[in-house]
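Descriptive structure summary
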Amino acid sequence: QLQLVESGGGLVQPGGSLRLSCAASAFTLDYYDIGWFRQAPGKEREGVSYISSSGGSTYYADSVKGRFTISRDNGKNTVYLQMNSLRPEDTGIYYCGVRARRTTGWHMALGYDYWGQGTQVTVSS
C-alpha cells in the first residue's frame, strides 16, 4: 500500500530548529516532485517548499526563505525539511505531498496526488 509518513515535528522555542522527514513506502520518490505544506487551525493548507524529482529545482514561500532548506536523499527514499530560526507563526501541521504531473504551480495543494498524515510543529515559549 502506497504510504507517505512525516516525522520530526514537536514543540520548540522561538529561534529553535527542527528537521522534518517524509518517507515513502511501497513506491520510490525518485520520479516525483515533493512539496511541503502546512496548515494552521482555521487556515488553508499553504505551500512551504518544493523540490523537483531530480533535486535540481527548489522553491520556498517568502515567509520561510533563508530559514528553511529542503533536500532529498533518493537512496533513503526520503525528503527532508530543515527548519531553523523558527517563529510562532510557523506553527501548524506539516504535510508532504507527491506530485506526479506539473499541472499547477508548486504551491497549489490541489496539484498533489498523495499526502502523508502530517506532523505537528508548535513554536512557543
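Criteria and cut-off values
- Residues numbered from 1 in each chain as written.
- Predicted model: local features only at pLDDT ≥ 70, side-chain atom pairs only at ≥ 80, totals over all residues.
- Heavy atoms only, no water.
- Disulfide = S-S within 2.5 Å.
- Helix = DSSP H or I, 4+ residues; strand = E, 2+ residues; numbered from the N terminus.
- Buried < 20%, exposed > 50% of the residue type's maximum accessible area, 1.4 Å probe, protein only.
- Salt bridge = Lys/Arg side-chain N within 4 Å of Asp/Glu carboxyl O.
- Polar contact = N/O pair within 3.5 Å; in protein donor to acceptor, adjacent residues only side chain to side chain.

1. Topic: the state of the cysteines
Disulfides are covalent bonds that link the sulfur atoms of two cysteine residues. Inspection of the entire model under this criterion finds 1 disulfide. The residue that forms a disulfide with C22 is C96, at a sulfur-sulfur distance of 2.1 Å. Residues C22 and C96 share a disulfide whose torsion about the S-S bond is about 70°; that sign makes it right-handed. Linking C22 in strand β3 (residues 18–25) with C96 in strand β9 (residues 92–99), this pair joins segments that are 74 residues apart in sequence. For C96, a relative accessible area of 0% corresponds to the buried category.

2. Description of the pattern of salt bridges
Per the stated rule, a full pass over the model turns up 7 salt bridges. For K65, the salt bridge is made with D62, and the minimal N-O distance between the two is 3.1 Å. Accessibility classification places K65 together with D62 in one group, the exposed group. Its salt-bridge partner being D113, residue R101 comes within 3.5 Å of it at the nearest N-O pair. Placement of R101 in the loop between β9 and β10 (114–115) and of D113 in the loop between β9 and β10 is noted, with a sequence separation of 12 residues between them. Here the salt bridges do not stand alone but share partners, grouping R38, E46, R67 and D90 into one network.

3. Some points on the side chain of R99
Summarising the element assignment, R99 is placed in strand β9. On the basis of relative accessibility, which here comes to 4%, the residue R99 falls in the buried class. Only 3.3 Å separates the side chain of R99 from the side chain of Y50, close enough to count as a polar contact.

The analysis is restricted to geometry; functional conclusions fall outside its scope.
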